[in-house]
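Survey of secondary and tertiary structure
Residue strings, one per chain:
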Amino acid sequence: MDNGKTESFAYTEIDSTFNEGVGVNGALWHRTQDRAGIAFVSNGIKKDHQVYLADAALDFCWATAG
């Protein structure tokens, strides 16, 4: 995760993460070697981080156009 004030060298900019999941074994359907699960993940970035990245993109466009 990033600190929300600087650009990281990660593939995806993330300031916060929420995840939740649940899993069950196959005993419910009489197949004890089976496993099933579901997960939810949500990532977000802070507003000032969004502005920083948007400004950097505009600077990049101007630098490459000239």
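The rules behind these values
- Residues numbered from 1 in each chain as written.
- Predicted model: local features only at pLDDT ≥ 70, side-chain atom pairs only at ≥ 80, totals over all residues.
- Heavy atoms only, no water.
- Helix = DSSP H or I, 4+ residues; strand = E, 2+ residues; numbered from the N terminus.
- Buried < 20%, exposed > 50% of the residue type's maximum accessible area, 1.4 Å probe, protein only.
- Contact = heavy atoms within 4.5 Å.
- Areas by Shrake-Rupley, 256 points an atom, 1.4 Å probe, with all protein chains shown as cover.
- Salt bridge = Lys/Arg side-chain N within 4 Å of Asp/Glu carboxyl O.
- Patch = residues over 30% accessible without salt bridge, like charges linked within 9 Å, V, L, I, M, F, W, Y side chains within 5 Å.

**What about the overall build of the chain?**
Of the regular secondary structure elements, the chain holds one helix and two strands. Each helix (α) and strand (β) of the chain, taken in turn from the N terminus, gives the series β-β-α. Considering the chain as a whole, with its 66 residues, one finds that 11% of them fall into the buried category. Long-range pairs, those at least 24 residues apart, make up 42% of the contacts in the chain between residues at least 6 apart in sequence. Put simply, the chain shows about 5,700 Å² of open surface, and 60% of that area lies on carbon and sulfur atoms.

**Section: the pattern of salt bridges**
Applying the stated criterion across every chain, the model contains one salt bridge. Its salt-bridge partner being Asp34, residue Arg31 comes within 2.6 Å of it at the nearest N-O pair.

**A word on a nonpolar patch on the surface**
The grouping of Val24, Leu28 and Trp29 at the surface amounts to a nonpolar patch, some 290 Å² of accessible area in total. Locating Trp29 in the fold gives a position in the loop between strand E1 (16–25) and strand E2 (35–44). Taking relative accessible area as the criterion, Trp29 reaches 35% and is therefore assigned partly exposed.

**Comments concerning unusual backbone geometry**
Positive phi, close to 65°, is recorded for His30, a residue that is not glycine. Summarising the element assignment, His30 is placed in the loop between E1 and E2.

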